Each structure stands twice: as structure tokens, then as C-alpha cells.
Amino acid sequence: MLISTESIFAQGMALPPSSVSRSQPPSTQPQGGQGGFMPRAADTPPSLQAVPNQNTGVGGPGGQLSSGGQLPRGAGQEHRVYDLRSYTGYLTSHDRPHQAVVDWIVRETGTDVWHTEPFGFMSADRDELTVYHTNEMHQVIAGIVDRFVAGDKDPQVMNLKVMTVGNPNWRSRAHALMQHVNVQSPGIQAWLLTKENAALVMNLLRQRTDVRQVQAVDLIMYNGQTEKLASTRGRNYVINVKPSPAGWPPYEPETGEIQEGYQLELSPLLSVDGRTLDCVINANIDQVDKFVPVELDLPLPNQQVHRTKIEVPQLVSWRLHERFRWPSDMVLLLSCGVVASPDRTQSAVPFLDFGAITGTTAGRADALMFVEFRGKASQNLTQVPVAPQISSRVSAPNRGRY
């Protein structure tokens, strides 16, 4: 799935609506024999550490224990093993780097082909990918695996800029410099720009007084792996009122916290020749528009009433989870429309409503995202800032991955 040099296009692809939790046991094979590397014990990620064999027993409630047999071959299924060591051997500091190969295969094939007829399965560890499916499916999988094992293994640089514009009329001057492309997500717009035109659009934006640059960072990434970027802050509010155990005051507030800000995930995958870039972008922005007060009248022992209030958060959010493909020598520009601003600015004089003068709504902005591939990290002389990392949420493994 490569782009010819004569055609220039980008395409937003709707991701499969469901994902499947897929967890795999840690590898028990020590590294260093065939791959030619042996990480130190202190730097060894969990998937490289040997674990003792555990006897989990046989059988189980609700399932019939099988003694084995032949795998179904009604659709001409074939069993093939793909060697991943030429890719995973470079990622000694990454835990489970082979998971990226599985992720991109599922993004390409969807999840249904692995859970419906014809029968097939897929499993991976650091050394190899094992697949049992039809010949047509193997052709698709081989194309994805080649982009990992035969593609560029050096770390790459992805430049990401997040900006907000108070008024969307910036399009009137920049329209002729951008090539519009289709996007599956509702409300999202995307354009392709040459690097020269991207610099012109960036200069036009910086001349405006309603533009704010939220983030500008060079992400050092390995082909196919996922990097996360986040900037959030907590907002406290009174979620409930409960009786005080001390007896006085008779009631005490119970507070809650909402995290507002933005969270971004990028997963780029280069073609073997490096001319085409596939990238899955997952962006979430949450902002507290305001807290709506609710008055409560609570009874007291002396037949009087204790008046207090709780707060109900009014949230403004937007989501983007889509896969894009474009030539690696061009820049992808995304706009999510006038939505919740990923970077709230507080006025020093709250009663001055400048939004009424400028025609914009407080806390709203046209959120723009520039995504640019800059090639190998060794060939970029710019100093790469450290990207802030997002904290992990407690959730089921791989939920929402695809």
C-alpha cells in the first residue's frame, strides 16, 4: 500500500469500532544468543526477564478439555512464522516491542477476521510472529511485517505542534496553500501542505493576536511504536455533602477532582522505502466549562435547616482517534473546529468579557495540530526537548488500542 511519486494524497481511515483485550505471557527465552545483545539486569524490561514455569492445571469450568487434533483447513489456511528479531533486537529498552507489530496488523485487518470464520489465530513474542490464516491474509500480514523488519530501524523524529486560534477565519488567507483531504471523524478537518507552504501558514498564524502555541515538541520514536504526550491539571469541586462525624459543623463537604487538559498518542509507521507514512492519532481534550451550583436544605436536630450547596461540573470535550496516511515529505494539519481549548487562559480581571468584543467564547478555540516527519534523529541537529509523559490509567489491557 504505497503512494506513487506522481500522486499526493492523505486519507483518514475509520478505525475498527471495537477492540479485543489481548494479553500474552512474558517471554521465557533469554536474549543475547541470536540477537547479539544482552541487556543489564537493572535495565531489563519485564518481558525479557525469565519467569519460573507454573503449573496452571488442566481443564476448567464451562469448557471441554480437548486432547488435540488437526486445525481446520476448510478455507486453505496456512501456518507461517515471521522472524521479528531484526526489528525487536534493536529495542532492548522497550517492553514488549512486538506488540506494535500485532497492533498494526489488527489495524490493517480489523478484529473480526480473527474471531469469525474462517478459523485463524495470531500470536507473537520478541523473536517471532506466528499466524494461522488464509493465503490472502498472509499477503496482508507480510506487507505489514516487512515495514518493521525491512524498514528503517533507526530512531525517527516526529515534530508535533498544538496551537489554538480564537477565530477560525485564519482559513481565508491560508486556504490556497492547503490541500483538503477527507476525514472520517465528524467535525474534524485535515489538510496536506508542502513544508514550504506549512512554514507560510505558520507565519500567518503567528501574526495574529488570538493565536497561542500550546505545545511544540520533537518526539524521538521508533518505527511503529507509540508515544504519549499530555498536559493536564486537576480542578476540585464539591461533589457531595455528608454528616460530620465530629457533630459540628453538622455537615462537611466531600470534594472530587476532574482532570482537564489534553492527552495525545501518536503511532507512526513508515513504508519500506520511507516515502509514505501511516500514523494513528489519538487525541483527547477535556475542559471544565463551569461548575453549576445546586442549593441543598439539610435538616438539623433542632428542627432548623442547614443550607449548603454542591457543584455539578459542566464539561466540554472532543475526541479524535483515526489513522492517516500521507507522503512523508509533507505536513499534516488537523483542525477539530471551535471546541474546548486545550490550554485555558485565566483573565486577570474576570468581569471584563473580551469574548463579547472579539466574538469568541471564553474557553473555546480552533485547535490546530501540525504533524511533520523529520527523518532520522541522527540527521536532525535541533535539540530535542523531553516530552511530558502521561500517567497510566487503571483499565483493562489493550482496551481502546485500535
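Residues numbered from 1 in each chain as written. Predicted model: local features only at pLDDT ≥ 70, side-chain atom pairs only at ≥ 80, totals over all residues. Heavy atoms only, no water.

This part covers the confidence of the model for the chain. A low pLDDT means the predicted coordinates there should not be read in detail. When pLDDT is averaged along the chain, the result is 79; 73% of the residues meet or exceed 70. Note that residues 1-8 has pLDDT below 50 and, in this model, 15 contacts with residues that lie over four places away or in other chains. In this model, residues 383-401 is a region of pLDDT below 50 whose contacts with residues beyond four sequence positions or in other chains number 33 contacts. (pLDDT = per-residue confidence, 0-100. Contact = heavy atoms within 4.5 Å.)

Taken N-terminus to C-terminus, the directions of helix 2 (residues 99-109) and helix 3 (residues 135-149) make an angle of 135°; their axes are 10 Å apart at the nearest point. In terms of orientation, helix 2 and helix 3 fall into the oblique class. At the point where helix 2 passes helix 3, the crossing takes the right-handed sense. In this structure, helix 2 contributes A100, V101, W104, I105, E108 and T109 to the contact, and helix 3 contributes M137, V140, I141, I144, V145 and F148. Tallied by class, the residues present in the contact of helix 2 with helix 3 amount to 10 nonpolar, 1 polar and 1 charged. (Axes fitted to C-alpha atoms, helices over the stretch in contact; angles between N-to-C directions. Helix = DSSP H or I, 4+ residues; strand = E, 2+ residues; numbered from the N terminus. Parallel < 35°, antiparallel > 145°, perpendicular 65-115°, else oblique. Left-handed = near helix turned anticlockwise from the far one by under 90°. Nonpolar A, V, L, I, M, F, W, Y, C, P; charged D, E, K, R; others polar.)

So, about the environment of N159. If you trace the backbone, N159 turns up in strand 5 (residues 156-165). Assessed through its relative accessible area of 5%, N159 is described here as buried. Here the alpha-carbon distance between N159 and I220, two residues 61 residues apart in the chain, equals 8.9 Å. Sequence-distant contacts of N159, that is, excluding residues within four places in its chain, are made with V217, D218, F370, V371, E372 and R374. A polar contact is formed between the side chain of N159 and the side chain of D218, at a distance of 2.6 Å. (Buried < 20%, exposed > 50% of the residue type's maximum accessible area, 1.4 Å probe, protein only. Polar contact = N/O pair within 3.5 Å; in protein donor to acceptor, adjacent residues only side chain to side chain.)

Another aspect to go through is the side chain of Q215. Along the chain, Q215 falls in strand 8 (residues 211-221). The buried category is assigned to Q215, whose relative accessible area is 16%. In terms of polar contacts, Q215 uses its side chain to reach the side chain of Y262, at 2.9 Å.

Another point: the sheet that holds strand 2 (residues 78-83). In spatial order, the strands read 2-4-3; together these 3 strands make up an open sheet with antiparallel pairing. Two strands close off the open sheet at either side, each with one partner strand: strand 2 and strand 3 (121-124). When strand polarity is set aside, the average angle formed by the axes of neighbouring strands in this sheet is 10°. The sheet strands contacting helix 3 are strand 2 and strand 4 (128-133), and the helix crosses strand 2 at an angle near 0°. (Pairing = 2+ DSSP bridges.)

Another aspect to go through is the nonpolar core. L160, I281, W326, L332 and V371 are the most contacted members of the largest nonpolar core, which totals 34 residues. In this view, I281 contacts E265, L320, H321, E322, F324, L332, L334, M369 and V371; residues no more than four positions away in its chain are not counted. Counting 23 residues, the second-largest nonpolar core is a separate cluster that includes Y82, V102, I141 and I144. (Core = buried A, V, L, I, M, F, W, Y, C linked by side-chain atoms within 4.5 Å.)

With that settled, the discussion passes to a nonpolar patch on the surface. On the surface, V292, V294 and V312 cluster together into a nonpolar patch covering about 180 Å² of accessible area. Among the secondary structure elements, V312 is positioned in strand 12 (residues 305-327). (Patch = residues over 30% accessible without salt bridge, like charges linked within 9 Å, V, L, I, M, F, W, Y side chains within 5 Å. Areas by Shrake-Rupley, 256 points an atom, 1.4 Å probe, with all protein chains shown as cover. Salt bridge = Lys/Arg side-chain N within 4 Å of Asp/Glu carboxyl O.)

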